[in-house]
Structures are given as structure tokens and as C-alpha cells.
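# Inside the fold
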Amino acid sequence: MTAYFVAQIRIDDPAEYQRYLDACDAVFARFNGEYLAVDAAPTVLEGAWPYTRSVLIRFPSEADLLAWYNSPDYQEIVVHRLAGARCDSILLHGKDEG
């Protein structure tokens, strides 16, 4: 079943967050994910939106998503994202056709 990583991010320290960005693509490329959207200015349809960036990534399965997220290489760099920004992230299970 397809799995999605959804992150809502409010960048507070651009220099620290950039350290994450400088390394994330090299790590991400080794896994089966696909960036579907990265948006610094999404259109808010309802509610408040205290974020400066939204990210949507698709993986073939939850196992693939977790292999990326829990990998030692990703855990080494995610500390920069978390130090430079407030991040609310979730794993969504896709509604695969059957």
C-alpha cells in the first residue's frame, strides 16, 4: 500500500535548515520515494497556516517510508531540520485501488 510523508514546516533558523537541505537529496535518492510537492506558499482554504513550507512525498509502501526515515543517514541529518524549524509530520496510508 502506498504511503505518504506529509510535513508542515515553519522555518525559524534558515541557516540550520539549509544544512538539512544541503544533505537531504543525497540521502533521499537511495530510497524509493518521490517528491510530489514542495510548496513555500500553499493556498490556505480553511483555518490558520503557521507554516512556511509544505512537503508531500510518496513511497511504494510504509516499509519503504520507514526505511528512509529511520535510516542512520537520514537520522544524522534530520537533526538540522528539527533544530532549524518547527515540523509537524505524519505518515498517511494511501487508498490503493484493488
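Here, the structure is the one placed above.
The structure reproduced in this document is the subject of the present report. Please read these numbers as outputs of a predicted model, since none were measured by experiment.

Once that is clear, we can look at the sheet that holds strand β1 (residues 3-11). Across the sheet, 4 strands lie side by side as β2-β3-β1-β4; this open sheet has antiparallel pairing. Each edge of the open sheet carries a strand with a single partner, namely β2 (34-39) and β4 (85-93). Direction aside, the axes of adjacent strands within the sheet are offset by 15° on average.

Attention shifts here to the layout of surface pockets. Of the voids in this model, the largest pocket is the one considered here, and its volume is about 160 Å³. The wall of the largest pocket is formed by 16 residues, among which Tyr17, Tyr20, Leu21, Tyr35 and Val55 lie closest to the centre. Contributions of two or more residues to the lining of the largest pocket are made by β1, α1 (14-28), β2, β3 (53-59) and α3 (72-84).

Counted under the stated rule, the structure contains 12 aromatic pairs. Seen in terms of ring centroids, Trp68 and Tyr69 are 6.0 Å apart; in terms of plane orientation they differ by 70°. Their pairing is edge-to-face. With relative accessibility at 25%, the residue Tyr69 sits in the partly exposed group. Between Trp68 and Tyr74, the ring centres sit 4.5 Å apart and the planes meet at 45°, which makes this aromatic pair tilted. Pairwise contacts between aromatic rings join Phe5, Tyr17, Tyr20, Phe28, Tyr35, Phe59, Trp68, Tyr69 and Tyr74 into one cluster. We note Arg81 situated over the ring of Tyr20; from NZ or CZ to the ring centre the distance is 5.6 Å.

This paragraph deals with the packing of α1 against α3. Remark: α1 packs on α3, axes separated minimally by 7 Å, with the N-to-C direction vectors making an angle of 150°. Considering the angle they form, α1 stands roughly antiparallel to α3. α3 is crossed by α1, and the crossing has left-handed handedness. Residues Glu16, Tyr17, Arg19, Tyr20, Ala23, Cys24 and Val27 of α1 form the contact with α3, whose own contacting residues are Asp73, Tyr74, Ile77, Val78, His80, Arg81, Ala83 and Gly84. Partitioning the contact of α1 with α3 into residue classes produces 9 nonpolar, 2 polar and 4 charged.

Another aspect to go through is the pairing of β3. Where β1 and β3 come together, 7 bridges link them in antiparallel fashion. Residue Phe5 lies in a different strand from β3, and its bridge partner there is Ile57. Pairing between β2 and β3: 5 bridges, direction antiparallel. Bridging from a neighbouring strand, Tyr35 pairs with Ile57 of β3.

This next bit is on the environment of Gln8. Checked against the element boundaries, Gln8 lands in strand β1. Among the residues examined, Gln8 registers a relative accessible area of 16% and is labelled buried. Sequence separation between Gln8 and Leu82 is 74 residues; the distance between their C-alpha atoms is 12 Å. A distance of 2.6 Å separates polar atoms of two side chains, one belonging to Gln8 and the other to Ser54.

Criteria and thresholds
- Residues numbered from 1 in each chain as written.
- Predicted model: local features only at pLDDT ≥ 70, side-chain atom pairs only at ≥ 80, totals over all residues.
- Heavy atoms only, no water.
- Pairing = 2+ DSSP bridges.
- Helix = DSSP H or I, 4+ residues; strand = E, 2+ residues; numbered from the N terminus.
- Axes fitted to C-alpha atoms, helices over the stretch in contact; angles between N-to-C directions.
- 1 Å grid on protein atoms, 1.4 Å probe; cavity = no way out; pocket = protein on both sides within 12 Å on 5 of 7 lines; lining within 4 Å.
- Points joined across faces, edges and corners; volume = space filled by probe spheres on them.
- Phe/Tyr/Trp six-rings, centres within 6.5 Å; stacked < 30°, edge-to-face > 60°.
- Buried < 20%, exposed > 50% of the residue type's maximum accessible area, 1.4 Å probe, protein only.
- Lys NZ or Arg CZ within 6 Å of the ring centre and 35° of its normal.
- Parallel < 35°, antiparallel > 145°, perpendicular 65-115°, else oblique.
- Left-handed = near helix turned anticlockwise from the far one by under 90°.
- Contact = heavy atoms within 4.5 Å.
- Nonpolar A, V, L, I, M, F, W, Y, C, P; charged D, E, K, R; others polar.
- Polar contact = N/O pair within 3.5 Å; in protein donor to acceptor, adjacent residues only side chain to side chain.

Geometric descriptors of this kind do not, in isolation, establish any biological role.
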